[in-house]
Amino acid sequence: MPHLNPTIVHVDDAVIVADKPAGLLSMPARGEARQDCLVSRVQQLYPDALLVHRLDMATSGLIMLARGHEMLRRMNLAFEQRIVGKKYCAVVHGHMADERGEITLPLGCDPDNPPRQKVDPVHGRAAKTRYRVLARSGEGGDARTRVELTLLTGRTHQLRVHLMSIGHPIIGDPLYAPPDEAEREPRMCLHSTSLAFIHPRTRVPACFDSAVPF
């Protein structure tokens, strides 16, 4: 899959920022056919690269890798302390009514439909997503909203489930969008657009951006 090669946006002796194409796994999954992934491709160039966080296979955009275990430890701590800024862009079904807001619904796995996640008020983990409407288009069944999303926690499928739960699933989402849509949409319209962090070695603020491909 040469067309799925990630783009290296930034590299130094501590961190690597890559731009992952949609359709490429972040890390290996079960099965021999699912070993090709972003981290293995980056390690061909930088053998000490270790994945700091993940993007879903269908999601594109910026992702961070650390150079070695000490840099990984420092960046993991930064993520735990929520001092890494992550912004996304999505196109969702329907016209969102409010210009901005927060979704604070606890999330957990859906044991009857893996790998789906669901809103789980009893056993779910706290999750928070902030959104801001960028544009609205279309009418009726073709109504869509382009929205900027800020990830304030990092739960599995958080953005996808949060948006679906308020009635605005992401266009092209293979798990949470309307089932008849899969063949009509070329990809899921979710992209990691911005990554901001304190550099783990120099302690200088860094920020990287990626153009939205849809």
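Residues numbered from 1 in each chain as written. Predicted model: local features only at pLDDT ≥ 70, side-chain atom pairs only at ≥ 80, totals over all residues. Heavy atoms only, no water.

K.L.:
So what exactly am I meant to see when it comes to the overall build of the chain here?
P.N.:
When its secondary structure is counted, the chain shows three helices and 12 strands. Compactness check: the chain gives a C-alpha radius of gyration of 17 Å against a globular reference of 17 Å for 214 residues, within 12% of the reference. In terms of overall dimensions, the chain has C-alpha extents of about 50 × 35 × 35 Å along its principal axes. For the chain, buried positions account for 45% of its 214 residues. Partitioning the intrachain contacts of the chain with sequence separation of at least 6 by distance along the chain shows that 59% fall at a separation of at least 24. Element-wise, carbon and sulfur atoms account for 52% of the exposed surface of the chain, whose accessible area totals about 11,100 Å². For the chain, the centre of its 27 positive side-chain charges and the centre of its 24 negative side-chain charges are spaced 6 Å apart. (Helix = DSSP H or I, 4+ residues; strand = E, 2+ residues; numbered from the N terminus. Rg over C-alpha atoms; globule rule 2.2 N^0.38 Å. Buried < 20%, exposed > 50% of the residue type's maximum accessible area, 1.4 Å probe, protein only. Contact = heavy atoms within 4.5 Å. Areas by Shrake-Rupley, 256 points an atom, 1.4 Å probe, with all protein chains shown as cover. Lys, Arg positive; Asp, Glu negative; His and termini not counted. Charge placed at Lys NZ, Arg CZ, Asp CG, Glu CD.)

K.L.:
Before we go on, may I ask you to explain the pattern of salt bridges in this structure?
P.N.:
Should the charged atoms of two oppositely charged side chains come close, the side chains can pair. Applying the stated criterion across every chain, the model contains 12 salt bridges. One salt bridge connects Arg-132 with Glu-148, and the closest N-O pair in it is separated by 3.3 Å. Linking Arg-132 in strand S9 (residues 129–137) with Glu-148 in strand S10 (residues 144–151), this pair joins segments that are 16 residues apart in sequence. Since its relative accessible area comes to 29%, Arg-132 is described here as partly exposed. The shortest N-O distance in the salt bridge between Asp-173 and Arg-160 comes to 2.7 Å. One end of the pair, Asp-173, is in the loop between helix H3 (158–165) and strand S11 (190–198); the other, Arg-160, is in helix H3, and 13 residues separate them in sequence. (Salt bridge = Lys/Arg side-chain N within 4 Å of Asp/Glu carboxyl O.)

K.L.:
When you look at the packing of aromatic side chains in this model, what are you seeing that I'm missing?
P.N.:
To describe a pair of aromatic rings, you give the distance between the ring centres and the angle between the ring planes. Scanning the entire structure with this criterion turns up one aromatic pair. For the pair Phe-197 and Phe-208, a centre-to-centre distance of 6.1 Å together with 25° between the ring planes defines the contact as stacked. Within this pair, whereas Phe-197 is found in strand S11, its partner Phe-208 is found in strand S12 (residues 205–209), the two being separated by 11 residues in sequence. Like Phe-208, Phe-197 is buried. (Phe/Tyr/Trp six-rings, centres within 6.5 Å; stacked < 30°, edge-to-face > 60°.)

K.L.:
I tried to follow the side chain of Asp-110 on my own but got confused; where do I start?
P.N.:
By the element assignment, Asp-110 lies in the loop between strand S7 (107–109) and strand S8 (117–119). Although Asp-110 is buried, it forms no salt bridge, and the closest oppositely charged side chain is Arg-116 at an N-O distance of 4.5 Å. Among all residues touching Asp-110, those that are not within four sequence positions of it are Arg-116, Gln-117 and Lys-118.

K.L.:
Quick question: what am I supposed to make of the layout of surface pockets here?
P.N.:
Rolled over the atoms, a probe sized like a water molecule indicates the empty space that remains. Volume-wise, the largest pocket comes out at about 1,400 Å³. Secondary structure elements with two or more residues in the lining of the largest pocket: helix H2 (69–80), strand S5 (85–93), S7 and H3. Along the lines of polarity and charge, the residues of the lining of the largest pocket split into 18 nonpolar, 11 polar and 10 charged. (1 Å grid on protein atoms, 1.4 Å probe; cavity = no way out; pocket = protein on both sides within 12 Å on 5 of 7 lines; lining within 4 Å. Points joined across faces, edges and corners; volume = space filled by probe spheres on them. Nonpolar A, V, L, I, M, F, W, Y, C, P; charged D, E, K, R; others polar.)

K.L.:
Even after reading the chapter, I still don't get unusual backbone geometry, so can you show me in this structure?
P.N.:
Put simply, Pro-114 and Pro-115 share a cis peptide bond, and its omega is 5°. Phi is positive for His-157, close to 60°, though the residue is something other than glycine. Looking at the secondary structure, you find His-157 in the loop between S10 and H3.

Such coordinate-based values are descriptive only and should not be taken to indicate function.
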